[in-house]
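# Residue-level structural notes
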Amino acid sequence: MTDHTAEPATAPAPVPAGPADGEGTEPAGRIVLLTASHRVAPGLLSWPAWQTLHGADRVLCADPDHPQLPYLREAGVTVERTAPDAHELVEACAGGRTVVVIPGGEGDGRLTDGLARLAGSGRVSMPDLELLPGSYDLPGARLLDVVQVMDRVRRECPWTSRQTHEGLVKYALEEAYELVEAIEGGDRAELREELGDVLLQVVFHARIAQEGARDAAEGDDDGDEGDGPFSIDDVAGDLVDKLIRRHPHVFGDEKADTPEEVHAHWQATKAVEKQRASVTDGIPLAQPGLALAAKLAGRVRAAGLPVELPRGEGIGYELLALAARAEEAGTDPETALRAAARAYRDAIRAAEGVA
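Residues numbered from 1 in each chain as written. Predicted model: local features only at pLDDT ≥ 70, side-chain atom pairs only at ≥ 80, totals over all residues. Heavy atoms only, no water.

## Observations concerning the pattern of salt bridges
For the structure shown, the criterion picks out 15 salt bridges. Measuring nitrogen to oxygen at the nearest pair gives 2.5 Å for the salt bridge that ties glutamate 211 to arginine 154. Placement of glutamate 211 in the loop between helix H7 (188-210) and helix H8 (212-217) and of arginine 154 in helix H5 (residues 142-156) is noted, with a sequence separation of 57 residues between them. When its relative accessible area of 6% is taken as the criterion, arginine 154 is described as buried. Residue arginine 155 is joined to glutamate 156 by a salt bridge in which the shortest nitrogen-to-oxygen separation is 3.9 Å. When its relative accessible area of 51% is taken as the criterion, arginine 155 is described as exposed. Beyond isolated ion pairs, a larger network of salt bridges with shared partners links Asp151, Arg152, Arg154, Arg155, Glu156, Arg207 and Glu211. (Salt bridge = Lys/Arg side-chain N within 4 Å of Asp/Glu carboxyl O. Helix = DSSP H or I, 4+ residues; strand = E, 2+ residues; numbered from the N terminus. Buried < 20%, exposed > 50% of the residue type's maximum accessible area, 1.4 Å probe, protein only.)

## Examining the packing of helix H12 (residues 289-303) against helix H13 (residues 315-328)
Where H12 contacts H13, the two axes come as close as 8 Å, and the packing angle between them is 55 degrees. Judged on the interaxial angle alone, H13 and H12 are oblique. As for how H12 packs across H13, the hand of that crossing is right-handed. For the pair formed by H12 and H13, the contact residues are Leu290, Ala293, Ala294, Ala297, Gly298 and Arg301 on the first element and Leu319, Leu320, Ala323, Ala324, Glu327 and Glu328 on the second. (Axes fitted to C-alpha atoms, helices over the stretch in contact; angles between N-to-C directions. Parallel < 35°, antiparallel > 145°, perpendicular 65-115°, else oblique. Left-handed = near helix turned anticlockwise from the far one by under 90°. Contact = heavy atoms within 4.5 Å.)

## Describing the pairing of strand E2 (residues 30-35)
When you tally the buried positions in E2, you get five out of six residues, the bulk of the element. Of the strand pairs in this sheet, E2 and strand E4 (residues 98-101) are connected by four bridges, and their pairing is parallel. Counterpart to arginine 30 in the pairing with E4 is threonine 98. Here E2 runs beside strand E5 (residues 128-133); their pairing, made up of six bridges, is parallel. Looking at the pairing, isoleucine 31 lines up with leucine 129 of E5. (Pairing = 2+ DSSP bridges.)

Here's what the structure looks like:
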């Protein structure tokens with residue numbers, strides 16, 4: 001079987017799959033299995049695919065609802081709705097004929113297994129057999145599957161269908177912490193899994209937010225546009241716009257040769273976007289205490305505000321001073337404390353004799 005996944009946009013060359021024809025022997029023909037990605041709009045086929053379809057003697061498809069069929073009809077390609085077995089398909093190629101088979105989304109295991117058995121028997125002169133991808137996934141195509149699966153789970157799962165933004169907050173926090181642990185632990189497999197769990201939270205919340213569209217259509221949504229429904233596409237679109245705005249040195253005419261200059265561009269565009277009344281605006285107070293203290297100290301230092309650390313009794317003020325000192329020195333106190341805590345945990349386990 002020949003896979004033309006990496007072929008350029010030229011007609012695919014057949015590769016013999018059976019015994020060579022002797023002189024005067026009837027040519028065995030050619031079977032082409034034409035596949036297409038369900039993540040690409042139907043009708044958007046490669047040039048080799050269209051060449052093969054128009055040049056074929058027969059085009060077969062067993063699925064009457066196959067999404068490609070309307071577009072093939074518009075292009076003048078006659079498709080027979082039939083599901084031949086392996087023997088019938090080989091016979092249809094007799095005389096050097098080319099038969100294109102368009103399998104369903106799950107493929108046609110019955111047919112391919114039958115062809116493999118015939119080829120392995122050595123008793124049948126097999127046609128050339130080719131696998132021709134008619135369309136290809138672009139990078140990020142599996143994200144479409146995530147959205148599709150999440151949509152179905154939201155509709156059909158008794159637990160998932162009842163969740164709200166507020167009810168999922170604890171899971172977002174847990175997944176974020178687990179991602180941090182995977183990064184600090186250096187486990188690539190765990191990192192991959194935890195990134196997926198964080199992505200799930202994004203898709204889950206966006207799917208819930210999308211449901212407001214139904215209420216709006218029924219007249220139940222009397223809020224302004226900012227309170228209305230939105231989808232994962234809106235989330236992704238906003239992110240794309242933000243990345244472009246905050247990287248004028250990449251997408252515009254600005255120049256930045258150092259990380260410090262990039263940071264300056266980011267902060268400048270962010271200041272224009274947010275129009276904050278205070279440097280403390282936008283700092284989430286629910287984050288861990290050391291991270292909160294360092295963030296406040298960093299904002300004060302960046303703005304050049306003459307604000308001294310508050311004085312008081314107790315460990316809280318001492319920790320605040322340590323966090324501010326660490327931030328000024330370029331150290332994330334939260335990360336530093338976690339690293340020390342991990343070392344402490346390892347020492348405890350060693351003392352317990354736990355591997």
